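Examination of the molecular architecture
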Amino acid sequence: MNTLDSMSLAGGPPKGLKNGQKFAVFLGLSSFFIVVLAAFGLNFPNKGFWLTASLSGILGAVIWFSWIAYRDDPKGIKNHGVWFKSISGRGLWAWALGILITGFYIVLYFYPEYLGLVKDGPNRGLISLFDPLSRALSGNPASQWFVYGTLYTLAILAFGIKFIWKYRHNRYQQLRTMSVMFFQTAFAFIIPEIMARLNGDLPYYDLKNIWPLNYYNFERYRVNAFIDSGDIGLGMLIFGIVSILVITPLLTYFYGKRWYCSWVCGCGGLAETAGDAFRQLSDKSTFAWKVERWVVHSVLVFVVLMTTAVIYSYLGPDTSKYWLSKSQFLIGVGVLLTGVFAWVMVYRRSALKKDAIYGACGYLLIILGLLAIHFFSDSRHVFVFSSEGLRKTYSFLIGSVFSGVIGTGFYPIFGNRVWCRFGCPMAAILGLQQRLFSRFRITTNGGQCISCGNCSTYCEMGIDVRAYAQKGANIVRASCVGCGICSAVCPRGVLKLENGPLKGRINPHEVLLGNDVNLMELANQNSDSVA
Amino acid sequence: MQIVIIGNGISGITAARHIRKLSDHQITVISAESDYFFSRTALMYIYMGHMKYQHTKPYEDSFWKKNRIELKRARVRSVDTETKTLILDSGSQIAYDKLIIATGSQPNRFGWPGQDLKRVQGLYSLQDLEALEKNAPDSHRCKRAVIVGGGLIGIELAEMLRSRNIPVTFLVRETSFWNGVLPQGESAMINEHIREHHVDLRLNTNLKEILSDDAGAARAVITDGGEQIDCDLVGLTAGVRPNIDFLSGSGVQTDKGVLVDRQLRTNIPDVFAIGDCAQQRTPIGKRRAVEAVWYTGRMMGETVARTICGAPMEYNPGHWFNSAKFFDIEYQTYGWVSGASSKDPQERQFHWRHPEQYLCLTISYHKESRVLLGINTFGIRMRHEVIDQWLTENRTVDQVVPRLGEANFDPEWYRHYETEIAQTFTSKAEKVV
Ligand SMILES: Cc1cc2nc3c(=O)[nH]c(=O)nc-3n(C[C@H](O)[C@H](O)[C@H](O)COP(=O)(O)OP(=O)(O)OC[C@H]3O[C@@H](n4cnc5c(N)ncnc54)[C@H](O)[C@@H]3O)c2cc1C
Ligand code: SF4
Ligand code: SF4
C-alpha cells in the first residue's frame, strides 16, 4: 500500500496555516527570540520589562494561534490533517523541533554555564533575565532550574488553554487540564518558592512530586534539612512517606492511576498540553508493549535498589539519629516487598500474564538477593556497587537522560508519553496497582465498535485499545493513564472511563456482540480455546 | 479440510479467525482489494488526515502467519460448484472443500447519463479512496464537488471534502436528510448541522445527467430542476448493493444478494455466504434481508465458523442497533424508531431536543401497550447492554423514561439531561390526556 502511504504526504490541505496563525507564529518566535538573545549573552538593560514582554508574548501567541485554529468550526474532534502536517506527522519540522528541545535539555542538565549560570557570582545571560521574577517570588536570584520551571509552567498554561479550546465539547478533558494547570502553577512553581522565602532551611519540595518520581527525596542532605527545620520539615518528611504508602494506593484504588498521571503530575501535564499534538506517534506494536514492560519495571527495580542503598548508607547502627537502624530499615523493606509480592501471588495470580509472573519472580529474587548481600557489605557499598555510584548513575541515566532529554526532547518523534510509558517508576507502581487492585476500567459499549482505529491511533500510551473494544472486552491495562482521549475520539461512543466494582472488571470473553443470549453463553464457554 | 473464503472484509476475516480458534482446517482468504484486512469504516479518516492506512489494520501483519491463515491477493472470476474450484482472473484455479462468499458490496449506479465519466466515483474501496485523492486533492484542483445520495456514506464524503475546504453541493432525493430512517425532528437537526458546515444541501433534488468536458471527465451536473452545477468531482453515494456478479452461472441462487438460510447456507452444499453480500430468504424480524452493516458481518462470520466446525448454529441477531456520526454529531440507535416517511401506525414517538445544542432523543413505543420499541439519541451516548435488556424485558415507556440515567454512557463530568427529558415527557403526556 505504498501508494496510500505516499499519497497522504502528497495530499493537499488541511496542513497549511491560516493567515492569522502565521502572525501568531511570528509573534511567538519573536518573543522566544528575546530568550535566545539572552542565551547568547545579550545583556538586556531593563530585565523585568524584557522578561515580561517575552513570556507574555509567547503566551499570547499560543492563545492567538489556538483561537484562530478553533474559532470557525463547530465544537467537536479537531484532528483534520494531523498526519499531513510536518510538525505532527514526523516531517522535517518535527525533527527540527526534536533536535532543538533535545539540545536544550542537554545544555540544561549538563552545561548550565552556557545558560548563564555563574558558580560564585551574579548570573549572566539567560538565567539573569529571569532574576527579577525569581527575586519577586523567593527573594533569591534565578538558577537554571528556575528558568526551566518557569518555561515549563508557561508551556503547560499556554498549551493547556489551547487544549481546553480544542476539547470545548468535552468536560472531562477540560477539567483534568485545568487540574494539571493548577497543580503545576501552584504546587510545582509558586508554593516551593514561597516556602523558600518563608523558611530558607526547608529543602525545595514540590508536594505533588512523590517518590519514586522524586527519587532524591530521601537522600541524606534532604532528610537532614527536613529534620533540622522543625515541625514543618518533619511534617513534610512524613507527608512524603505517607503519600507513597497510603495516599497513592488509596486514590489509585478508587480512581485508577489517572488521578495522578492525568490530573496532577507535572510530566503528565506537559505531555497532555504541549505534547498533545504528538500523542498519535506512540508505537502500538506488541513488540513495543513488550519492551515497555521490561524497561519500565527494570527502572522500578533500579530505583528501589538505589533508594534502599542510599538510605542504608547514611543510617546509623542504632536508632539515635534517624529512628531506624540500618538493619531495621533493611528488614522493613524486605518485609514490605515480600508482603506485597505474596499478596499478589495469592490473590491476583490469574490476572497476571505469564511473563509478568516470571518477571516479578525474577525481580523479587534479585531484590532479596541484593539485600542479603547487603548485610555482608560495608556502609558505603552495596555488594560491589557504591551507593553513591548507584545514585549518580540513576540520576544521570533516568533522572536526566530518560525523563528529560529522551522523554521530552523526542516528543515529535516517539510521541508525548515516552517517559511515562517506558521510564517512569511511579507510573510502573501505579500501573501494577491499577492492573491488580483498582476500581478503574474503560468500559466497552456492547457491539458498537466498528474497528476504525481512532482510539488506538490517539492513545498516547500505545495501547491497542481497538483490540479490546472490537471484541467487547473492557480495557484494564497497567499503562493506561486515563487521559480519556480514546473515548473522546471514538466516533461511535464505544468507550467510557469508569470506576466500579472489581467483580466483572476484566471480561476477556469474546462474545458474539449483539447475537442473542444463548449464543453468548456458548461463546463464553468456548472462549478458553486458543488464538 | 480446505476452507476458502472470498473477501477479506470484516465478515470473511471474522469467519477465518473463528475457524482457526475452533479447528485445524486449512484456511485461505482471497481478496482483490488489499493484502491485509483493513477497516473500511475508517476510509474517511485516512483522507482527512486523522489516520494513515496502516492504522486502519486491526491486526498486525504478522498475525496471519502466526495463526496459519493464508492470504491471497487475487480476483475470483468465477466459481465452479460442480468441481469445487475457483477460477481466478489470472486463470489459475483453487480447489475448496467449503467455500464462504464474503464479497461485500459495491456502490449503486442507477443508469444516470454520464455516470461512467472520469472524476465520477463512489466511495467503497481503497481504490476509490486513491481515486478520490487524485480527483479531489485540494480546493484548487477541485473547485466544487457534487455528491449524489443522502445516506451515511454521502454525508461522510461531504465531511471528507469539507476537511480540505472543497465546496460541496449535496443532492438529496428526500425532503429532509435521511428521513426514511430518521424521525422528522432529528432529520431537521442534521439538515441544520450539514449547512453549518458550509455544505450546499439541496433537498428534494435528483440528479438528471452528468456533463462531460472534452477529455471525457465530469464538468457539471444537471438536476431534475434543470439547474446546471459546475463541478470537478461527482460522488455517487446512493446506497450499495451486493457484489455478486461473478457468481452468475455458478448455480448459486441469488436475488439482490446471495440467498441464504438461517445457517447462512446457500442452495449449494458446502457453499456459505455472509456479510453485506448475503440475503436472508426470510428477513429476520423487522431487519432487512440484506444487512450492510459492520457488526452483522462480524456476527455472521462467527456464526458460520461454528457451523463449519461442526457445531451448526443459526444466525440469530438480537435487537437491532447501530451508530453513525454526522460531522460532529454522534448518533446511536437501539430497537426500532421509524423514520418520518415510513412511520408505523402502531408506533408513537416522544421527541426531545435541547433548546440550543445539537442534542436530541426520540423514544418510540407501542400506541396501546406503551411497550418500548426503540431509542434514538444524538449527541448523547447510551449503554448498549442496558437498553438491550429493557427491550428484551418489554419495559414500557413510562418505566424507561425516569430511568434513562442508568443508560447514559457519556464521559464522566458531562452534563446530564435526564431530568429535563423526563419533565418534558410528563408535561407532554399531560397534554395528551
Ligand atoms: C465509507 C464507508 C463507511 C462505512 N461506515 C460504516 C459504519 O460506520 N458502520 C457500519 O456498521 N457499517 C459501515 N459501513 C459498511 C461496512 O463497512 C460494511 O457493511 C462491511 O465492510 C461489510 O463487510 P464484508 O466483509 O461483508 O464486505 P467487504 O468489507 O466489502 O469485503 C469484501 C471484500 O471482498 C473482495 N471481493 C469482492 N469480490 C471479489 C472477488 N470476486 N474476488 C476477490 N475478492 C473479492 C472485495 O474487494 C472486498 O475486499 C461503511 C462502508 C463504507 C464504504
Ligand atoms: S487507553 Fe485511552 S485513556 Fe488510557 S491512555 Fe490510552 S487513550 Fe488514554
Ligand atoms: S472503540 Fe471506537 S475508536 Fe476504537 S476502533 Fe472501535 S469504533 Fe473506532
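If you're wondering where the values come from, they're calculated on a predicted model, not measured in any experiment.

**A few points about the environment of D344(B)**
Residues and elements named next belong to chain B. Tracing the sequence through the fold places D344 in the loop between β22 (329–335) and β23 (347–353). Taking relative accessible area as the criterion, D344 reaches 31% and is therefore assigned partly exposed. Distance in space between the C-alpha atoms of D344 and H366 is 9.7 Å, their sequence separation being 22 residues. Ignoring sequence-local partners within four residues, the contact set of D344 consists of K286 and S338. Here the side chain of D344 touches Q346 through a polar contact of 3.0 Å, landing on its backbone nitrogen.

**Looking at the domain arrangement of chain B**
Residue and element names in this part refer to chain B. Here chain B is described as being made up of domain 1 (2–106 + 241–308), domain 2 (120–238) and domain 3 (321–431). Between domain 1 and domain 3, the contact holds 4 residues from the first and 4 residues from the second. Summed over both sides, the interface between domain 1 and domain 3 buries roughly 490 Å², with carbon and sulfur atoms accounting for 59% of that surface. Connecting domain 1 to domain 3 are 0 salt bridges.

**Things to note about the nonpolar core**
Of all hydrophobic cores here, the largest spans 122 residues; its most connected members are L86(B), I100(B) and L161(B). For L86(B), the residues in contact, after removing those within four places along its chain, are V4(B), I6(B), I30(B), V76(B), S78(B), V79(B), S92(B), Q93(B), I94(B), Y96(B) and L99(B). Counting 112 residues, the second largest nonpolar core, distinct from the first, contains L137(A), L213(A), I244(A) and V310(A).

**Structural notes on the packing of aromatic side chains**
The geometry of an aromatic ring pair comes down to the distance between the two centres and the angle between the two planes. Per the stated rule, a full pass over the model turns up 50 aromatic pairs over all chains. Measuring from centroid to centroid gives 4.8 Å for F163(A) and Y167(A), while their planes differ by 45°, and the two rings are tilted. Note on F163(A): relative accessible area 2%, which makes it buried. Relative accessible area serves as the criterion here: at 3%, Y167(A) is assigned to the buried category. Relative to Y417(B), the ring of W352(B) has its centre 5.8 Å away and its plane inclined at 35°; by these criteria the two rings are tilted. With W352(B) in strand β23 and Y417(B) in the loop between α9 (397–400) and α10 (418–432), this residue pair connects regions lying 65 residues apart in the sequence. Both residues of the pair, W352(B) and Y417(B), belong to the buried class. Aromatic rings pair up to connect F104(A), Y105(A), Y109(A), F110(A), W145(A), Y148(A), Y152(A) and F396(A) into one cluster. The ring of Y205(A) has R222(A) lying over it, and the distance from NZ or CZ to the ring centre is 5.6 Å.

**Regarding the interface of chain A and chain B**
Counting residues at the interface gives 73 residues for chain A, matched by 72 residues for chain B. Roughly 6000 Å² is buried in total at the junction of chain A and chain B, and carbon and sulfur atoms are behind 50% of that figure. Inspection of the region where chain A meets chain B yields 3 salt bridges. Where R258(A) meets E412(B), a salt bridge forms, and the shortest distance between an N and an O atom there is 2.8 Å. Counting across the interface, chain A meets chain B through 31 residue pairs in polar contact (both at pLDDT 80 or more). Its residues placed into classes, the side of chain A that touches chain B shows 31 nonpolar, 30 polar and 12 charged.

**Some points on helix α2 (residues 19–39) of chain A**
Residues and elements named next belong to chain A. When the terminal C-alpha atoms of α2 are compared, their 30 Å separation across 21 residues agrees well with the 30 Å that a helix rising 1.5 Å per residue should span. Residues of α2 that are buried in the fold lie against α3 (47–71) and α5 (125–129). After α2 finishes, the residue G41 shows a positive phi value of roughly 100°.

**A look at the sheet that holds strand β11 (residues 168–171) of chain B**
Residues and elements named next belong to chain B. Strands sit in the order β9-β16-β10-β11-β12 across an open sheet of 5 strands; the sheet is parallel. Of all the strands in the sheet, the pair left with one neighbour each is β9 (120–121) and β12 (199–202). Sheet strands touched by helix α6 (residues 184–196): β11 and β12. Its angle to β12, the strand with the most contacts, is close to 140°.

**Overview of the sheet that holds strand β7 (residues 98–101) of chain B**
All names here are of chain B. Spatial strand order, β3-β2-β1-β7-β19: 5 strands in an open sheet with parallel pairing. Of all strands in the sheet, those bounded by a partner on one side alone are β3 (69–73) and β19 (271–273). If you compare each strand with its neighbour and ignore which way they point, the axes differ by 20° on average. Pairing between β7 and β19: 3 bridges, direction parallel. Following the sheet pairing, I100 is matched in β19 by F272. Across the sheet, helix α1 (residues 10–22) touches β1 (2–6), β2 (26–31), β3 and β7, and the angle it forms with β2 is around 170°.

Cut-off values and rules
- Within every chain, residues take consecutive numbers counted from 1 along the sequence as written.
- Chain labels run from A onward and ligand labels from 1 onward, assigned in the order the entries are written.
- In keeping with the model being predicted, local features are shown solely for residues with a pLDDT of at least 70 and side-chain atom pairs are shown and tallied solely at 80 or more, while totals for entire chains, interfaces and linings include all residues.
- Hydrogen atoms and water are omitted, and side-chain values are computed over all heavy atoms in the structure.
- The helix count covers DSSP runs of H or I at least four residues long, the strand count covers runs of E at least two residues long, and both are numbered beginning at the N terminus.
- Buried residues are those whose accessible area, probed at 1.4 Å on protein chains only, stays under 20% of the maximum for their type, while exposed residues exceed 50% and partly exposed ones sit between those limits.
- By definition in these notes, contact holds between two residues if any of their heavy atoms fall within 4.5 Å.
- Pairs of N or O atoms within 3.5 Å make up the polar contacts considered here, provided that, within protein, one atom can donate a hydrogen while the other can accept it, and that residues adjacent in sequence are counted only when both atoms are side-chain atoms.
- The split into domains, and so the bounds of each, comes from an automatic or database assignment of domains.
- Defined here as a combined quantity, buried area equals the accessible surface (1.4 Å probe) lost by two parts on assembly, summed across both.
- In the sections that follow, a salt bridge refers to a side-chain nitrogen of Lys or Arg positioned within 4 Å of a carboxyl oxygen of Asp or Glu.
- We define a nonpolar core as any set of buried Ala, Val, Leu, Ile, Met, Phe, Trp, Tyr and Cys residues linked to one another through side-chain atoms lying within 4.5 Å.
- Note on ring pairs: Phe, Tyr and Trp rings are taken, using the six-membered ring of Trp, and paired if centres are within 6.5 Å. Classes follow the plane angle, with under 30 degrees stacked, over 60 edge-to-face and the rest tilted.
- Charges are assigned to positions over rings by a cutoff of 6 Å between ring centre and Lys NZ or Arg CZ, combined with an angular limit of 35 degrees from the ring normal.
- Any residue that is not Ala, Val, Leu, Ile, Met, Phe, Trp, Tyr, Cys, Pro, Asp, Glu, Lys or Arg is counted as polar, Gly included; the first ten are nonpolar and the last four charged.
- Residue count minus one, scaled by 1.5 Å, sets the expected span of a helix.
- At least two DSSP bridges between two strands are needed for those strands to be called paired.
- Geometry is summarised by axes, namely lines fitted to C-alpha atoms with helices restricted to the contacting stretch, and by angles between N-to-C directions that run from 0 to 180 degrees.

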